[in-house]
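Architecture at a glance
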Amino acid sequence: MKPVRTALIGCGKVGGLHAGALTTRPESTLVAVCDSSAERAERFAARYGGRAFRDVPQMIRESGAEAVFICTPHPLHAEPAVLAAQAGLHVLVEKPMAASLSDCDAMLGAAEKSGVRLSVMSQRRFYEPVQRIKAAIEGGKIGRPVLGVFLMFSWRDQAYYQSDPWRGKWDTEGGGVLVNQSPHQLDLLRWFMGDLEEISGRWANLNHPYIEVDDTAVAILKFRNGGLGSIVTSLSQKPGLFTKVHVHGSNGASIGVETDRGATFIAGVSKIAEPPLNDLWTIPGEEHLLAEFQATDRARFQAIDPIAHYHALQIQDFLQAIRVGRPPLVTGEAGRAVVEIFSAIYESNKNRSAVFLPLRES
Ligand SMILES: NC(=O)c1ccc[n+]([C@@H]2O[C@H](COP(=O)([O-])OP(=O)(O)OC[C@H]3O[C@@H](n4cnc5c(N)ncnc54)[C@H](O)[C@@H]3O)[C@@H](O)[C@H]2O)c1
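Residues numbered from 1 in each chain as written. Predicted model: local features only at pLDDT ≥ 70, side-chain atom pairs only at ≥ 80, totals over all residues. Heavy atoms only, no water.

What to know about helix α6 (residues 128–138)
By the burial criterion, the buried members of α6 are Pro129, Val130, Arg132, Ile133, Lys134, Ala136 and Ile137. On its buried face, α6 sits against β7 (145–153), α10 (183–193), β11 (242–249), β12 (254–261), β13 (277–281) and α11 (289–303). Backbone geometry just downstream of α6 places Gly140 in the positive-phi region, at approximately 75°. (Buried < 20%, exposed > 50% of the residue type's maximum accessible area, 1.4 Å probe, protein only. Helix = DSSP H or I, 4+ residues; strand = E, 2+ residues; numbered from the N terminus. Contact = heavy atoms within 4.5 Å.)

Considering α11
A rise of 1.5 Å per residue sets the reference length of α11, with its 15 residues, at 21 Å; its end C-alpha atoms lie 21 Å apart and thus fit the reference within 8%. Those residues of α11 that fall on the buried side of the exposure criterion are Leu289, Phe293, Asp297 and Phe301. Here the buried residues of α11 occupy an arc of 105° about the axis, which is enough to place them on one side. For α11, the exposed residues set more than 90 degrees away from the buried face come down to Ala291, Gln302 and Ala303. Elements that come into contact with the buried residues of α11 comprise α6, β13 and α12 (306–324). (Expected span 1.5 Å × (residues − 1). Arc of directions from axis to C-beta.)

Things to note about the sheet that holds strand β3 (residues 51–53)
Pairing between sheet strands relies on hydrogen bonds along the backbone, with the strands arranged either parallel or antiparallel. With parallel pairing, 6 strands are arranged side by side in an open sheet as β3-β2-β1-β4-β5-β6. Of all the strands in the sheet, the pair left with one neighbour each is β3 and β6 (118–120). The average undirected angle you get between the axes of adjacent strands in this sheet is 25°. Summarising the sheet, strand β4 (residues 67–70) and strand β5 (residues 90–93) pair through 4 bridges and their orientation is parallel. Its bridge partner being in β5, Val68 is matched across the sheet by Val91. (Pairing = 2+ DSSP bridges. Axes fitted to C-alpha atoms, helices over the stretch in contact; angles between N-to-C directions.)

Things to note about the site of the ligand
Around the ligand there are 26 residues in total, and Val14, Asp35, Arg40, His74 and Lys95 lie nearest to it. One of the side-chain nitrogen or oxygen atoms of His77 is found 3.1 Å away from an oxygen atom of the ligand. Relative to its unbound accessible surface of 850 Å², the ligand loses 87% to contact with the protein. (Near = heavy atom within 4 Å. Polar contact = N/O pair within 3.5 Å; in protein donor to acceptor, adjacent residues only side chain to side chain. Areas by Shrake-Rupley, 256 points an atom, 1.4 Å probe, with all protein chains shown as cover.)

As for the sheet that holds β7
Pairing in this open sheet of 8 strands is mixed, and the strands run β13-β12-β11-β7-β10-β9-β8-β14 from one edge to the other. Sheet topology places β13 and β14 (355–356) at the edges, where each strand pairs with a single neighbour.

Remarks on the environment of Ala98
With respect to the helices and strands, the residue Ala98 is situated in the loop between β5 and α5 (101–114). The class for Ala98 is buried, based on a relative accessible area of 0%. Separated by 164 residues in the primary sequence, Ala98 and Gly262 have C-alpha atoms spaced 27 Å apart. Contact partners of Ala98, with chain neighbours within four places excluded, come to His74, His77, Asp103, Cys104, Met107, Val339 and Phe342.

Description of the packing of α6 against α11
Where α6 contacts α11, the axes come no closer than 10 Å and their chain directions differ by 145°. Residues Glu128, Pro129 and Arg132 of α6 form the contact with α11, whose own contacting residues are Phe293, Asp297 and Arg300.

The following block contains the structure:
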């Protein structure tokens, strides 16, 4: 396939992962890097190649890029995404898609009008244990998915929140654990269970007095398929324990993934400590597969750089989607659905009542 001319916006920590993939995948030629800090843009250009820009509109006009990869803080995803889509460039944004539904809708509208592809990072969908769960559900092996559970007991310290001025504040981050650390598993839960109908949620800041936003949230969920679910997500356990998504079926079978053991990784700072594994597999006649899955996944983990590997797989899927003319695995609509879930939890907490979806931003 002819490589896609790509450009990166946001030369920070996760930007390094994108630049790594965009300069090593044969589907990409990195032609530009852009950051509001000229020094960061120049540093990335020196390391990864491409022309350095400080200004997004100028980069869109002059770089010749066909697709942009947006790695700015979440409330700053929409503006460059809309500008790029309006100019006919395909767009992949980091997770969460945005901090508000109105930002998501602006991006979706611009992409639809221009006929470009829009995708949102959710690289854990490419984890083999996650793909197995999706395949088992689609293959009807658990009947209907009727109970979905997302649990995260993780940890972030004061140094993390002080590492960038935008972290931990409503204005510049849009939320806390729900917005920053939970989108991966919120996406998996919805991917496995289907769309949501009703959410009741509460959030709190249990032990991070130096940030404004939530470090813990809980929610009760009702899905459109009639199934139920729950969320307990927290950054208040020291050391971090685990992050899991479990799905229970109408035939009584249970399947699950531990996406993260210990604290979830911080891009550009910490590594994935332990392999993502299926931790639950009671499909009748397949119980013995759990040990085989775990052995395979442990062996693979030793052979790859897992953070770079799964980011690169999603970036490859997006670039192929552009050339082939098909939707990427993670669509803009899927990214919006995650923003809808955390927005509904915040709204439910504010109004002390259940929230019904679809949610419309007031
Ligand atoms: N998929 C993942 O696993 C993963 C991991 C880490 C971060 N992220 C996401 O990536 C995004 C960035 O996180 P990070 O940790 O790399 O942040 P960061 O602060 O390290 O990097 C952000 C960069 O964006 C630049 N920037 C800010 N405003 C800009 C603008 N208007 N135009 C151009 N550049 C601008 C900053 O100067 C900085 O270099 C966040 O949305 C975060 O949630 C995703």
